Amino acid sequence: MRAMVMEQIAGPLEVRDVDEPEVLPGGVVIDVVATGLCRSDWHAWAGHDDIALPHVPGHEFAGVIAAVGPGVAKWSVGERVTAPFVEGCGECEWCLAGNAQVCPQQQQPGFTHWGSFAERVAIHAADTNLVAIPDGVTFEAAASLGCRFATAYRALTSRARLAAGEWVTVVGAGGVGLSAVMIAKALGGKVIAVDRNAAALEVATSLGADEVLLADGSDIPAQVHAITAGGAHVAIDAVGSEQTSADAILSLRRRGRHVQIGLLPPVDGHPRVPMARVIAWELDVFGSHGMAAADYPGMLALIEAGRLRPQGLIERVIGLDEAALLLPRFDAAKVAGMTMVDPRR
């Protein structure tokens, strides 16, 4: 099969033929129809994750089951499926409680094993991790759910518990940030979107953001406090840097809730966070690490009903060759929405 291959950390990427993945007991192999290009893939390429070389990145995808391993009870060849980027083992106490996203034995395609920037990808513990794609949902929309959209959904619903009428500051208007804007509006929130890219802020406005702020070096928290008369109830860092995390936390009102979605890699030691404000104002700080397959039905129901439209976040669809050129530059790319990859191109 054709795949995008990493031979070295932060090196050039090559699209070439590699061996097809083996179907494992309890697992399946999926023909990839759509897979998302995400900032997390850039983190793996840059060496911020522990990966074995050579490596095939890619972690949010949708496709058709091509092979089923022994022990799989719920799935058959030919079914349209997607999966969260975290694959739980299906047997531990966290998986059995529906929290596979924090499974200690978790597997992650594109990180712990070869991922979806390929014509096929292998999935472990299929009965725990696969999600059926409803007929009314496209492969591209389903692929967008695996990481960014589902993470934003769970961050706002299960972690921050956003209530209608509350102010939300979303720092970063890329794929996960725009997902958060769309979901927050569907939940009845009032949204302030922040980004350094004016085009991304235009997209945020089109998705319903009540206010947008250009991150041009000005005091973002002060502007949020002025707009909201005291600060946002909820803040999301959808980028993952000391600056964006601090801006999000400092934009909160007293007793506010912050959800850290963007990864904070320890580039220069452990990242600094404004903990003095967290303590003095009794802020809640949450991590959010994807969403288990068990939690997908509620989100899919909103998509089928038309209240959420993840397909509206897709800016472009490209092939593997173009993706191999784009990924090393993705951290600095000014992309207003999601980039999806079709490995068949």
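Summary of the structure given here. Please read all numbers here as calculations on a predicted model, not as lab measurements. (Residues numbered from 1 in each chain as written. Predicted model: local features only at pLDDT ≥ 70, side-chain atom pairs only at ≥ 80, totals over all residues. Heavy atoms only, no water.)

1. Focus: the sheet that holds strand β13 (residues 284-287)
- Here we have six strands laid out as an open sheet, ordered β10-β9-β8-β11-β12-β13, and parallel in their pairing. Across the chains shown, the open sheet's two edge strands, defined by having one partner strand only, are β10 (211-214) and β13. When the angles between neighbouring strand axes are averaged without regard to direction, this sheet yields 20°.
- Sheet analysis places strand β9 (residues 190-195) next to β10, joined by four bridges and oriented parallel. Along β10, the bridge assignment pairs I192 with E211.
- Lying over the sheet, helix α4 (residues 139-159) contacts β8 (167-171), β11 (232-237), β12 (252-260) and β13, oriented at roughly 150° with respect to β11.
- Along the sheet face, helix α5 (residues 175-186) touches β8 and β9 and points at about 170° away from the line of β9. (Pairing = 2+ DSSP bridges. Helix = DSSP H or I, 4+ residues; strand = E, 2+ residues; numbered from the N terminus. Axes fitted to C-alpha atoms, helices over the stretch in contact; angles between N-to-C directions. Contact = heavy atoms within 4.5 Å.)

2. Re the packing of aromatic side chains
- Counted by the stated rule, this structure contains zero aromatic pairs.
- Sitting over the ring of F139, R80 keeps its end group 4.5 Å from the ring centre.
- Cation over ring: R277 sits above W281, and NZ or CZ is 4.0 Å from the ring centre. (Phe/Tyr/Trp six-rings, centres within 6.5 Å; stacked < 30°, edge-to-face > 60°. Lys NZ or Arg CZ within 6 Å of the ring centre and 35° of its normal.)

3. Observations regarding the environment of V15
- Counting through the fold element by element, V15 comes out in strand β2 (residues 13-17).
- A relative accessible area of 19% places V15 in the buried class.
- For the pair V15 and M4, spaced 11 residues apart in sequence, the C-alpha to C-alpha distance is 4.3 Å.
- Not counting chain neighbours up to four residues away, the residues in contact with V15 comprise R2, A3, M4, L320, D321 and A324. (Buried < 20%, exposed > 50% of the residue type's maximum accessible area, 1.4 Å probe, protein only.)

4. Focus: helix α10 (residues 296-304)
- By the burial criterion, the buried members of α10 are Y296, M299, L300, L302 and I303. One face of α10 carries all of its buried residues, which in axial projection span an arc of 155°. The outward face of α10, more than 90 degrees from its buried face, is lined by the exposed residues P297 and E304. (Arc of directions from axis to C-beta.)

5. Digging into unusual backbone geometry
- Each neighbour pair has its own omega, and for L53 with P54 the value is -5°, a cis peptide bond.
- Inspection of the secondary structure assignment puts P54 in the loop between α1 (39-46) and β4 (61-68).
- Backbone geometry at R255 places phi at a positive 70°, although glycine is not the residue there.
- Note on R255: relative accessible area 57%, which makes it exposed.
- In this structure, E282 takes a positive phi of about 50° despite not being glycine.
- Along the chain, E282 falls in the loop between α9 (275-280) and β13.

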